[in-house]
Amino acid sequence: MLRVLFTVVAVLMILCYGGYQVYTLVSPAVKTQTAYKTSEYHTIDTQVYVLRKETEITGSPSGVMVPTVANGSRVAKDDTVAYVFEDSASAERYVESLKIQQEIERCESFSGNNAALTDVERLDEEVDSNFLLYLDALDSGNYETACDLAGEFNDTLTRFKIATGEAIDFTQKKAELQKQLETLKGEIKQLSAITASGAGYYVSSTDGYEHKVDYDQALNLTVDQIEQALDTSNSSTVIEGTMGKLIQDFDWYLTCVVNVNQVADFEVGDTVRVSLPDTVAEPIDTTVAALNNESDGRAALILKCNQMNEQLATLRIEDAKIILAEYDGLKIPSTAVRTNEEGEKGVYVLKGNIALFKKIDILYSTEDYVIVSLNSEDNEVKLYEQVITEGKDISDGKVIR
């Protein structure tokens, strides 16, 4: 009986030892994370009310309106900014006709011998570049830009194929598209054209806040006035019969309420970058136009901007981050940061199967991660290196099995 028991115990020990050996083979001795470049901001989080000099475009509201220019586009007086169609079917056919016309123009651009298509190396680089830009736009959630970049990628790829000798005949496709276009044009019932009443930036819709705050009093706004503007419980008033609006001044304002201590270093004329994460992909440049302090420790901050595009043209009440400082560098988990015997901060990176200690120059730190300078002589970590985030008994030069 004892012999049987000893045999069972021995077998179990062998199985446990074998299992441990398998575990050590399949389980990594360390965990790593790639050092990626990033930008981090130290910010004032607030809410802004966007103030512009705006004038509604009035007209007949009957019918279906289709803009002919994008929001934020610069237009001159009497420029056509939209068409009004009898019904939604005609409007849809008009939009489809524009897409077909673009396809016809693409076919024409690819037809014939084009000397610009012979630089194969440059086109190859453009294919890669356009594809990466497309992926970046998708990753940042900018799907409208991604759609445009997808078209550019497709065009560049087609040019590359032509340049490398692939025969592509666009004649038949162009003829089919022209036939579709003629059919559509015969089915479109257009009522009228909407023209700009003056020069400015066109926006195809109104939100009812166009006259809530006096644009000419922007620099004199108080904390109470801005808070009232930001209060969405106050109803907006949309004027009936409007067919869009014009932004009639290059300068527009982001107005907000901040703590006086937060902007103690701000002066009129200072350049300040503002992030609008819910609407605009990249921070915008503004200038401090006014800083009206109140006795209760708050201030009305008025920031002036003259940038304009499709996203900026429709801003009104937005969550914003006023950037006080920017840190560009490598993002590394805080758990990876160690201190060596000389008291130098650094991390271990994995080179092949060897752990190497590399010094870092920390620009900015949080509980979860640090931002490390890429340009400092005190930083030894390089972009895309594998930083060890977890592991036992790690030392400089140690072989990781």
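A. Structural detail: the environment of N375. Position of N375 among the secondary structure elements: in the loop between β19 (369–372) and β20 (386–391). Given the relative accessible area of 76%, N375 is considered exposed. Once the C-alpha coordinates of N375 and D328 are considered, the two residues, 47 residues apart in sequence, prove to be 9.6 Å apart.

B. Just the pairing of strand β12 (residues 284–293), in detail. Both strand β11 (residues 271–275) and β12 contribute to a ladder of 4 bridges, which runs antiparallel. The partner of T271 across the bridge, within β12, is T287. With 6 bridges joining them, β12 and strand β13 (residues 298–305) adopt antiparallel strand pairing. Within β13, the residue paired with A290 across the bridge is I302. Counting the residues that bridge the hairpin from β12 to β13 gives 4 residues, and of these G297 lies at a positive phi of roughly 90°.

C. Examining the pattern of salt bridges more closely. Overall, the coordinates contain 18 salt bridges when judged by the stated rule. As a salt-bridge pair, K245 and E54 come within 3.2 Å of each other at their nearest N and O atoms. Residue K245 is found in strand β9 (residues 242–247), and its partner E54 is found in strand β3 (residues 54–58); the two are separated by 191 residues along the sequence. K245 sits in the buried class, given a relative accessible area of 3%. Residue E54 is classed as buried on the basis of its relative accessible area of 5%.

D. Local environment of the sheet that holds β9. Within the open sheet, the 4 strands sit side by side as β3-β9-β8-β5. Their pairing is antiparallel. Across the chains shown, the open sheet's two edge strands, defined by having one partner strand only, are β3 and β5 (73–75). Adjacent strand axes in the sheet meet at a mean angle of 40°, parallel and antiparallel pairs treated alike. Taken together, the 3 bridges between β5 and strand β8 (residues 200–203) define a ladder with antiparallel strand orientation. Residue pairing for β8: S73 is matched across the bridge by Y202.

Calculation notes
Residues numbered from 1 in each chain as written. Predicted model: local features only at pLDDT ≥ 70, side-chain atom pairs only at ≥ 80, totals over all residues. Heavy atoms only, no water. Helix = DSSP H or I, 4+ residues; strand = E, 2+ residues; numbered from the N terminus. Buried < 20%, exposed > 50% of the residue type's maximum accessible area, 1.4 Å probe, protein only. Pairing = 2+ DSSP bridges. Salt bridge = Lys/Arg side-chain N within 4 Å of Asp/Glu carboxyl O. Axes fitted to C-alpha atoms, helices over the stretch in contact; angles between N-to-C directions.

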